[in-house]
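Remarks on the overall topology
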Amino acid sequence: MDSFCGQNIEYFSIKDLVLWTENPRDPIDESASDQDVVDRALSDPRNKWDLANFAKSMGDSYDYSELPTVVYRGSKPVVYDGNRRIALGKIKFGLVNHIQVMDLTLPEYPEKIPCNVCTHDIALKHILRKHGSNGSWNALEREKFLKKYFGEESPFLVVDEALGVISSNESLNQDFVKKEILTDKNLKLIGLRVEKGKLFSKHSDEENRKIFENIASKIVAGEISTRKNRGQIVLDDEVWTLIKNNETKAEHFVEQKIIQKSPLISKERVTKRIAKKENPIFGVTLSLKSGQVNNLYRDICELYSFWREKKQNPNPSKRLSQTFPSLIRMSLRLLVETAANDENLKIDGYLKKYFENAKKNLTSEQRNSLFAFCSSVDKVIALLQMGAHNYEASSNVDQTLALSNLIGKMLLLSHSKGDGLWIG
């Protein structure tokens, strides 16, 4: 067919098309085969493919109005855009083994489909235009794409590659944070500097982590947003003090963390790992005095067990939504409120009364887990209050479990059947 601006339409058998291993949705090792890509899409460890819902959204038959974008790499036609459609087609025609880990209702597919064939550079521009601002990529995915293929790099990406604080915290991985918060000006204000793709800091790694956790907590609490304190860094007084105390220190280069592509799913038969024993919510089984606190505690344990059972169901339609853990988080707040009422205290009063002694009774692993999210009783109060109003934040299961460990120790001090002491 005629070419237009370096593009032309060609028909390909689905069996001849090659899935792109560098797909920004979920890049994996370049040596991956179509089978490797499909295996990963079906297991979906990063929840990026969502093949079951995508297949349903296609309707009863393949839609010709959305053309896959194909680039010839040597003699191979590689699918740069439209990998999910082609992956489903390969499953439909038995071109790859289908590991049954989800229910797939596939539409009718033609054996040959039209594709937009163009150069590598044109394909990348089309991909960026289609996915760069429509919400299908998060802020970091877009920045990684811009760096890899267009040589553009922002302070936002440099900070994450050096500290890993954005990729590990969804509240920071947002466009407005990139554009308005983690700017050169604001980074300088908190003792960091980006120059030629490198991060320099006046703080230790632990102090850097504490600063960014504090920024994240302010975003989750709504103290930093596109409507409130727009473009400003808001921190707790103790964090500002930390920054001020380090002002006279010499800055140092923060080495970039090793960034690896997602590994392949191994086909080799290897000795299975011994399954790690999962601790119960609250860290241990609590023996509490009978009453409302004990009733709530047992109900929360049942709720957590119910969630764990459902999340392991191989059928996605029978799993619970990703926001379900927020119900557990909100229940923790109700539990603390009920325990506080028994002592004629408010929530913050109860937490402040038992925080230090409860913290001493945490194991070192539990303490580290807790301090990854909060390092003071005020942060615990904020996280519990936040859990009642912010579904996204309160769906963080690791954070909820870390809080439950602390709350469990508090309940053993205030409502234990015995003398209030915990023996671990």
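Residue positions are given per chain, counted from 1 along the sequence in the order it is written. Where totals are concerned, whole chains, interfaces and linings use all residues; where local detail is concerned, this predicted model gives features only for residues with pLDDT of at least 70, and gives and counts side-chain atom pairs only at 80 or more. Excluded from the side-chain calculations are hydrogens and water; all other atoms, namely the structure's heavy atoms, are used.

1. Considering the pairing of strand S5 (residues 112-117)
We apply this condition: Exposure classes here rest on a 1.4 Å probe applied to the protein chains alone. A residue is buried below 20% of its type maximum, exposed above 50%, and partly exposed in between. Numbering of helices and strands runs from the N terminus, with a helix taken as a DSSP run of H or I at least four residues long and a strand as a DSSP run of E at least two residues long. Here a strand pair is declared whenever DSSP counts at least two bridges between the two strands.
With respect to burial, S5 is a largely interior element, five of its six residues being buried. Two strands pair when backbone bridges link them, and strand S1 (residues 8-13) and S5 are joined in this way by six bridges, in the antiparallel orientation. Bridging across to S5, Phe 12 finds its partner in Ile 113. As paired elements, strand S3 (residues 69-73) and S5 share two bridges and run parallel to each other. Considered in S5, the bridge of Thr 69 is made with Asn 116.

2. Looking at the pairing of strand S4 (residues 76-81)
The buried fraction of S4 is high, at five of six residues. Relative to S4, strand S2 (residues 18-19) is paired through two bridges, and the arrangement is parallel. The partner of Leu 19 across the bridge, within S4, is Val 79. Following S3, the chain reverses through two residues before pairing antiparallel with S4; Gly 74 in that reversal takes a positive phi of roughly 70°.

3. Things to note about the confidence of the model for the protein chain
So the rule is basically this: What pLDDT expresses is the predictor's confidence in each residue, scored from 0 to 100. Only heavy atoms enter the contact rule, under which two residues are in contact if any of them lie within 4.5 Å.
Per-chain confidence: the protein chain averages 82 in pLDDT, with 83% of residues scoring 70 or above. In the model, residues 260-277 has pLDDT below 50 throughout and makes 27 contacts with residues more than four positions away in sequence or in other chains.

4. A closer look at the sheet that holds S4
With mixed pairing, five strands are arranged side by side in an open sheet as S1-S5-S3-S4-S2. Strands with a single pairing partner mark the edges of an open sheet, and in this sheet they are S1 and S2.

5. Let's talk about the environment of Glu 30
With respect to the helices and strands, the residue Glu 30 is situated in the loop between S2 and helix H1 (34-43). Using a relative accessible area of 56% as the deciding quantity, one classes Glu 30 as exposed. Each C-alpha atom of the pair Glu 30 and Trp 20 lies 8.6 Å from the other, and the pair is 10 residues apart in sequence.

6. Describing the packing of helix H9 (residues 205-220) against helix H10 (residues 237-245)
The criterion, for reference: Fitted lines through C-alpha atoms serve as axes, helices being fitted only where they are in contact, and the angles separating the N-to-C directions of these axes extend from 0 to 180 degrees. In a left-handed crossing the near helix is turned counterclockwise from the far helix by less than a right angle, and in a right-handed crossing that turn is clockwise. Three categories are distinguished: nonpolar for Ala, Val, Leu, Ile, Met, Phe, Trp, Tyr, Cys and Pro, charged for Asp, Glu, Lys and Arg, and polar for the others, with Gly belonging to the last.
Between H9 and H10, whose axes approach to 10 Å, the crossing angle comes to 145°. For the element pair H9 and H10, the recorded crossing hand is left-handed. Contacts between H9 and H10 involve Glu 207, Lys 210, Ile 211 and Asn 214 on the former and, on the latter, Glu 238, Val 239, Leu 242 and Ile 243. Here the residues of the contact of H9 with H10 sort into four nonpolar, one polar and three charged.

7. Description of the sheet that holds strand S7 (residues 198-201)
On the basis of which strands lie adjacent, the open sheet formed by three strands has the order S6-S7-S8 and antiparallel pairing. Each of the sheet's edge strands pairs with one partner strand only, and the pair in question is strand S6 (192-195) and strand S8 (252-254). On average, each strand axis in the sheet is inclined to that of its neighbour by 35°, with strand direction left out of account. In this structure, S6 lies alongside S7, joined through four bridges in antiparallel fashion. If you follow Arg 193 over to S7, its bridge partner there is Phe 200. Taken strand by strand, helix H6 (residues 155-163) contacts S6, S7 and S8, and its axis lies near 70° from that of S7.

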